[in-house]
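# Secondary and tertiary structure notes
So the chains spell out like this:
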Amino acid sequence: MYPDTNAEYLQRLVPGALVVKGLNTLSAWVLLNGPLAGKQVFLCGDSAEAKQAVRELATRLGVSVLDRGSLSAAREVEDFPLQLFPEWRLPLCIATGLTAFFFFYLLIRDIIYAYVEQDKDISFRIMVSLANKVFPIVSLIMLSLCYLPGVMAAILQLYRGTKYSHFPDWLDRWMLCRKQLGLLALALAFLHVLYTFIIPIRYAVRHKLISTVVDEMKDNKSTPFYFDNTDAWATDSFFVLGIMGFFLYFLLGLTSLPSVGGSLSWREFTFVQSKLGHLTLIVCTAHGYIYGWNKFLKPSTYKWWTPPGYMLCLVVPSVVLVLKLLMVLPCVDRSLGRIRQGWERTGPEEGRASLRATTL
Amino acid sequence: MYPDTNAEYLQRLVPGALVVKGLNTLSAWVLLNGPLAGKQVFLCGDSAEAKQAVRELATRLGVSVLDRGSLSAAREVEDFPLQLFPEWRLPLCIATGLTAFFFFYLLIRDIIYAYVEQDKDISFRIMVSLANKVFPIVSLIMLSLCYLPGVMAAILQLYRGTKYSHFPDWLDRWMLCRKQLGLLALALAFLHVLYTFIIPIRYAVRHKLISTVVDEMKDNKSTPFYFDNTDAWATDSFFVLGIMGFFLYFLLGLTSLPSVGGSLSWREFTFVQSKLGHLTLIVCTAHGYIYGWNKFLKPSTYKWWTPPGYMLCLVVPSVVLVLKLLMVLPCVDRSLGRIRQGWERTGPEEGRASLRATTL
Amino acid sequence: MYPDTNAEYLQRLVPGALVVKGLNTLSAWVLLNGPLAGKQVFLCGDSAEAKQAVRELATRLGVSVLDRGSLSAAREVEDFPLQLFPEWRLPLCIATGLTAFFFFYLLIRDIIYAYVEQDKDISFRIMVSLANKVFPIVSLIMLSLCYLPGVMAAILQLYRGTKYSHFPDWLDRWMLCRKQLGLLALALAFLHVLYTFIIPIRYAVRHKLISTVVDEMKDNKSTPFYFDNTDAWATDSFFVLGIMGFFLYFLLGLTSLPSVGGSLSWREFTFVQSKLGHLTLIVCTAHGYIYGWNKFLKPSTYKWWTPPGYMLCLVVPSVVLVLKLLMVLPCVDRSLGRIRQGWERTGPEEGRASLRATTL
């Protein structure tokens, strides 16, 4: 059995006293120097009147108070200020794992391949070129991971024919960290944008540009550099899709700021997170597809029989978008709508009715 | 006559009950998974005590409560979660209309003109070059539309000689959507910035750069590329004004975040929105003027006798800035100051005094 | 003696009345058009019941109330809406002073030196190149000024052997404006980033690139442009450190948004501001060191016997980082930890114990 918390110990020590635990999430520094307005504190205690008195005191300080129940919750309240981003742990693990995997995958495909097969040392590319491939890849995968559990939940509801049964535990936990997944994906997309903007001032890029011209002149061609209209369209579309994707991404991130999200109505929040979110996923996936539009069928793309990174990263988003497309087909959408309004498909297992009664 | 809302129906059904409508702006999902702190909910009901009880319950949940009056307001409260950005509708219409107009205007002037008169297919420019002209044009016009109603209100007050008469309805509605106008303008300016940063990595731009060098070499000049100091000053000033304009724009946008704006005092908020806002408008308008500094008098600028897009977009900001300049002239500023402190110019219409009494 | 405020005058005029001063920080416009939620107002008055009544009224309006005590605080409450960013004044002075100093220092070293010694007019560089040197220099110095007072406070505590004695007044004031110092540093870093991204589209840069190629061709070398692997590594590392530094900077800035910071627990906030902050300082200082990695020993770097700007700007961050490194040495860290938990080094001056008693 756990030992008592200080608050519980105090309560037992002086039985007549009314002990209220709280405000411990505010540091002494903040209490002295403020501002307190907008901060959240927890309270717990066995006496309602005592809690009311402390609540009034806290409200007078400008903080908002959350009641966590009786004094037995003191441990949880005491642990809170010691937690370090608990809800970010899983998304951070996923991001780190994916980044490490794609870093080594592309290191082998790009740098080591060139060294072994062509005997060229292009290791300097690790710093910018390689990172600028890994970040967008992981970002797109994590963005699609935000929308995958929603589709899986819908499929589960369709299969079970009811909304009155709990999702598996892992799905619940996944759905609760979607915001953090999305924000990490946005951070990686932001890094991708910064990396892209410095491309033209890099030494290697300027060197290559100058070499191109000089080689061009050496060969003494009459039409030194043929302008390909298709290439111009393709690269410009690629950039525009990237910009639009990042812009939509950024809007999504903005609405996840507590003060912006809090000022939206429920329908507005749902609209932004669902409609705008799926649009972002579509635009970013198209950005990925157009990157490799003329490389999919070239054998030279598949070095050492491995597919390039952008192909791997398109798998999950494509699956999510296809499943989502199936979900909005009229017939599927209608069934799903009925289930979400409380309708149940009566099957052989009638026992579900009792489950429903308890859930309600 | 409208049918009753559920809340009113319930009240009539059980006359003795104290019905309070509210909390309907929180979804079941949010109620379960939180966080509730910072969310706003509405309450309405005929019994003050009942409302007080619900208010206390809601405050305990961490949400802030807005009283919307008696139960007859239930319809409004019920409609709220179904509204989708009502205050954004008008600004979005203006932005869409202006964007469509300038897109087709520049499409004709740039792409179709080149096709018809010079028989060149430069349609690939639609994706980036054209969009990067339309976005800043619409952004600047919308920024000036934020400050036009303020100037118009001042002129109206000067003309009427009093502040105690209502503005026309359209002016009131315009003034209420200034924030949304400004944020849309900021969004377009942000897109303009992103579009500008990718310019040097575009295929067409790099192609043109290489062609310039090769052509330069072919002609075998001794001074291959003359450095024009005026050009260097002009283009650098153009970029610096653009950067500074965007930076100030961004600061304006930051203070419109609910949590940042809420922490400013009234004088600070007025300072930022008025002084900083007009400075932004000046800098961005100068950015536009310097873009065409040496093109205004060239006949080749006026293709098919139409002025280029940036000239059209400078009209409204210039008018706003000239009017604002007139407003801060000492003599005008003094009259306006007196009017805003409650002074009235007594004219033939003495009936205005009664209006003042009622407004006070 | 100061004259009475209106509120105090009113109280003396009608002795029986219960006067409460407040809500004056909300403008008439905001009261009419909202939203009020999240705004902070002050209250003061001599009667607790009257204040309670006004507080309830204010809470009903959705604003949060801060009690400022008795009616004698009315002057302070009345002055509040007239204050214009009081806590930003000192940081803004520091930023302006540093910017002016480095601007003239680099103007002499870069532009005037070239004019006098080499008879070249490169004055156009003032607009972008010079500004893009001044901004990062001032930004890095101001970032390190955020972390210097923390280190100085720790040294002072170690020297005095107690935490129960007040810091000097200037140190207290410095520590209170660290947030504003940091945000100004972030703003300058943001400008540095924008200035850097437009480098490749500048007229002078493109001119130099073309000239390089043409000169290269004129000399008719067989290996026109040697690729230096070390240079590629150095410049790419320089850019990556800059990007990472800005990214961490940006995260720090995000957590200083009231709504984001308010949702963090105390340990999370400390973690972000201390660990992440020092990491940002390390990365940005490394960004500065790598910029001059191969220039430190060249005599041509020291024009007119003056060190270049980036060397000057590395002094303060290096000192802060070395001192911080000393602080986290196990032996120093242990003493400091004991002192911060309340332990005192008993020395010859026993009088300190009485000071401790009064402070407690």
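Here is a short report on the structure shown in this document. (Residues numbered from 1 in each chain as written. Chains lettered and ligands numbered in written order. Predicted model: local features only at pLDDT ≥ 70, side-chain atom pairs only at ≥ 80, totals over all residues. Heavy atoms only, no water.)

### Considering the overall build of chain A
Counted only if it meets this: Helical segments are the DSSP runs of H or I of at least four residues, strand segments are the runs of E of at least two, and each set is numbered from the N terminus. Each residue is assigned to one of three classes by its accessible area relative to the maximum for its type, calculated with a 1.4 Å probe on protein chains only: buried under 20%, partly exposed between the two thresholds, exposed over 50%. Throughout, a contact is declared for two residues whenever any of their heavy atoms are within 4.5 Å. Note that accessible areas follow from Shrake-Rupley with a 1.4 Å probe, and for residues the cover is restricted to the protein chains shown.
Helix and strand content of chain A: 15 helices and three strands. The 360 residues of chain A split such that 45% are buried. Partitioning the contacts of chain A with sequence separation of at least 6, the portion at a separation of at least 24 is 73%. Accessible surface for chain A amounts to roughly 18,800 Å². Of this, 65% is attributable to carbon and sulfur atoms.

### Focus on helix α6 (residues 131-160) of chain A
All names here are of chain A. The condition is simple: By this rule the span expected of a helix is its residue count minus one, scaled by 1.5 Å.
For α6, with 30 residues, the first-to-last C-alpha span of 43 Å sits near the 44 Å given by 1.5 Å per residue. Counting buried positions over the 30 residues of α6 gives 21, a clear majority of the element. The first or second residue beyond α6 is Gly161, which carries a positive phi of 75 degrees.

### A few points about a positive patch on the surface
Convention followed: Each patch is built from residues lacking any salt bridge and having more than 30% relative accessible area; the joining distance is 9 Å for like charges and 5 Å for nonpolar side chains (Val, Leu, Ile, Met, Phe, Trp, Tyr). The salt bridge definition used is simple: a Lys or Arg side-chain nitrogen within 4 Å of an Asp or Glu carboxyl oxygen. In this count, Lys and Arg are taken as positive residues and Asp and Glu as negative ones, while His and the chain termini are left out. Note on charges: their place is set at NZ of Lys, CZ of Arg, CG of Asp or CD of Glu.
Taken together, the side chains of Lys120, Arg125 and Lys208 of chain A together with Arg206 of chain B present a region of like positive charge at the surface. Counting through the fold element by element, Arg206 of chain B comes out in helix α9 (residues 203-218).

### Things to note about the environment of Phe102 of chain C
Residues and elements named next belong to chain C. For Phe102, the position within the fold is in helix α5 (residues 89-117). Residue Phe102 is classed as buried on the basis of its relative accessible area of 3%. Those residues in contact with Phe102, other than ones at most four positions away along the chain, are Val134, Ile137, Val138, Ile141, Gly309 and Leu312.

### Details of a nonpolar patch on the surface
On the surface, Ile108, Ile112, Tyr115, Val116, Trp304 and Trp305 of chain A cluster together to form a nonpolar patch covering roughly 700 Å² of accessible area. In this structure, Ile108 of chain A sits in helix α5 (residues 89-117).

### Thoughts on the packing of helix α12 (residues 266-291) of chain A against helix α13 (residues 309-327) of chain A
Residue and element names in this part refer to chain A. The criterion, for reference: With axes taken as lines fitted to C-alpha atoms, and helix axes fitted only over the stretch in contact, angles between N-to-C directions fall between 0 and 180 degrees. Orientation categories follow fixed angle ranges, with anything under 35 degrees roughly parallel, anything over 145 roughly antiparallel, 65 to 115 roughly perpendicular, and all other angles oblique. Left-handed describes a crossing whose near helix is turned anticlockwise from the far helix by less than a right angle; the clockwise case is right-handed. Residues are sorted three ways: Asp, Glu, Lys and Arg are charged, Ala, Val, Leu, Ile, Met, Phe, Trp, Tyr, Cys and Pro are nonpolar, and all the rest, Gly among them, are polar.
Two numbers describe how α12 lies on α13: the axes approach to 10 Å, and their chain directions differ by 140 degrees. When the interaxial angle is binned, α12 and α13 end up oblique. At the point where α12 passes α13, the crossing takes the left-handed sense. On the side of α12, the interface is formed by His278, Leu281, Ile282, Thr285, Gly288, Tyr289 and Tyr291, while α13 contributes Tyr310, Leu314, Pro317, Ser318, Val320, Leu321 and Lys324. Considering only residue class, the contact of α12 with α13 consists of nine nonpolar, four polar and one charged.

### Comments concerning the pattern of salt bridges
Summed over all chains, the structure comprises nine salt bridges over all chains. A salt bridge links Arg173 of chain A to Asp169 of chain A, with the nearest nitrogen and oxygen atoms 3.7 Å apart. Highlighted residues: Arg173 of chain A and Asp169 of chain A, both in helix α7 (residues 169-176), separated by four residues, approximately one helical turn. Take Arg173 of chain A and Asp169 of chain A: they sit in the same class, and that class is exposed. In this structure, Arg202 of chain B and Asp236 of chain A form a salt bridge, with 2.7 Å as the shortest nitrogen-oxygen distance. Residue Arg202 of chain B is found in the loop between α8 (178-197) and α9, and its partner Asp236 of chain A is found in helix α10 (residues 229-255); the two belong to separate chains. Judged by relative accessible area, which is 5%, Arg202 of chain B ranks as buried.

### So, empty space enclosed by the protein
Formally: The rule is simple: put a 1 Å grid over the protein atoms alone, call a set of points where a 1.4 Å probe fits but cannot get out a cavity, call an open set with protein on both sides within 12 Å along at least five of seven lines a pocket, and count a residue as lining if it has an atom within 4 Å of a point. Grid points are joined across faces, edges and corners, and a volume is the space filled by probe spheres set on the points.
Under the criterion given, the structure shown has one cavity of 30 Å³ or more. In this structure, the largest cavity is lined by Leu209, Ile210 and Val213 of chain A, Leu209, Ile210 and Val213 of chain B together with Leu209, Ile210 and Val213 of chain C. For the lining of the largest cavity, the residue count by class is nine nonpolar, no polar and no charged.

### Observations concerning the side chain of Ser123 of chain B
Note the cut-off: Each polar contact in these results corresponds to two N or O atoms within 3.5 Å; when the atoms are within protein, one needs to be able to donate a hydrogen and the other to accept it, and residues that are neighboring in sequence are counted only if both atoms are side-chain atoms.
Examined against the element boundaries, Ser123 of chain B turns out to sit in the loop between α5 (89-118) and α6 (131-160). Judged by relative accessible area, which is 17%, Ser123 of chain B ranks as buried. Here Asp121 of chain B takes part through its side chain, which lies 2.9 Å from a polar atom of the side chain of Ser123 of chain B. Apart from residues no more than four positions distant in its own chain, Ser123 of chain B is found in contact with Trp233 of chain A together with Ile111 of chain B.

### Observations regarding the nonpolar core
The condition is simple: Put simply, a nonpolar core is a bunch of buried Ala, Val, Leu, Ile, Met, Phe, Trp, Tyr and Cys residues held in one set by side-chain atoms that sit within 4.5 Å of each other.
One finds Met142 of chain A, Met142 of chain B together with Met142 of chain C to be the most contacted residues of the largest nonpolar core, which totals 223 residues. If you look at the next biggest cluster of nonpolar residues, it comprises 15 residues, including Leu209 and Ile210 of chain A together with Leu209 and Val213 of chain B.

### Things to note about the packing of α5 of chain C against helix α8 (residues 178-197) of chain C
Residue and element names in this part refer to chain C. One can describe the packing of α5 onto α8 by two numbers: an axis separation of 8 Å at closest approach and a directional angle of 40 degrees. Put simply, α5 runs oblique to α8. The two elements α5 and α8 cross, and the hand of that crossing is right-handed. Across the interface between the two elements, Pro91, Leu92, Ile94 and Ala95 from α5 touch Gln180, Leu181 and Leu184 from α8. Taken together, the residues of the contact of α5 with α8 break down into six nonpolar, one polar and no charged.

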